[in-house]
Amino acid sequence: MKDKLRRFMMGRYGIDDLGRFLLGMALIILLMSRFFLRTALYAVSLSVLIIVYYRIFSKNINSRYRENQAFLNYKNKLINFIRKQKYIFKQRRIYRIYKCPGCGQKIRIPKGKGRVQITCPKCKTDFIRKS
Ligand SMILES: [Zn+2]
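Predicted model, so just to flag it, every value in this text is computed and none were measured. (Residues numbered from 1 in each chain as written. Predicted model: local features only at pLDDT ≥ 70, side-chain atom pairs only at ≥ 80, totals over all residues. Heavy atoms only, no water.)

A.B. asks: A description of the UniProt feature "transmembrane region" (unreviewed entry) in the protein should follow, citing residues and the corresponding values.
C.D. replies: UniProt records the feature "transmembrane region" (unreviewed entry) at residues 12-33 and 39-57, using the numbering of this structure. Taken end to end, residues 12-33 is 73% helix and 0% strand, and its first and last C-alpha atoms sit 31 Å apart. Counted over residues 39-57, helix gives 100% and strand 0%. Its end C-alpha atoms are 27 Å apart. (UniProt positions renumbered as here; feature names shortened; annotations may be inferred. Helix = DSSP H or I, 4+ residues; strand = E, 2+ residues; numbered from the N terminus.)

A.B. asks: Report on unusual backbone geometry, specifying residues and quantitative values.
C.D. replies: Not every positive phi belongs to a glycine, and leucine 37 is a case in point at roughly 45°. Looking at where leucine 37 falls in the secondary structure, it is placed in the loop between helix H2 (17-32) and helix H3 (38-57). You can call leucine 37 exposed: its relative accessible area is 57%. Phi angles above zero are rare outside glycine, and lysine 124 is one such case at about 65°. (Buried < 20%, exposed > 50% of the residue type's maximum accessible area, 1.4 Å probe, protein only.)

A.B. asks: Provide a residue-level description of the coordination of the zinc ion, including the pertinent values.
C.D. replies: In the first shell of the zinc ion, the protein supplies Cys100 (SG), Cys103 (SG), Cys120 (SG) and Cys123 (SG), at 2.2 to 2.3 Å from the metal. Its 4 donor atoms give the zinc ion angles of 106 to 112° at the centre, a pattern that matches the tetrahedral case. Written as a sequence motif, the donor arrangement for the zinc ion is C-x2-C-x16-C-x2-C. (Donors = N, O, S within 2.8 Å, 3.2 Å for Na, K, Ca; no water. Tetrahedral: all angles 85-135°; square planar, octahedral: opposite > 155°, others 65-115°.)

Following this line, the structure appears as structure tokens:
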């Protein structure tokens, strides 16, 4: 039995990150379908499952690999974006960001220091702002 399965899966793509993600989405959508939009969400969940199995049994490994790479790319971009937003949010509490009137360079000044003279590190323009 195990041997039969192994032989069947030979040359087929199998599961990858995109597959696992889609499987998780299918299950979440299936769960949601119990509470609202029953028929529609059930159909969506089933369609996603069909895609997951299609990819697992696919023999076009190159295409499936490319799909997974594209997925990982998007995933990383999203993770980086969230990380960046978190970082900016943290910075906003401690620093105030000003734009240099001379060159547009963003300059970070600690908050709560009163009126300060700022010298742009890029073009050396001086300007005064409240921090
Ligand atoms: Zn400047």
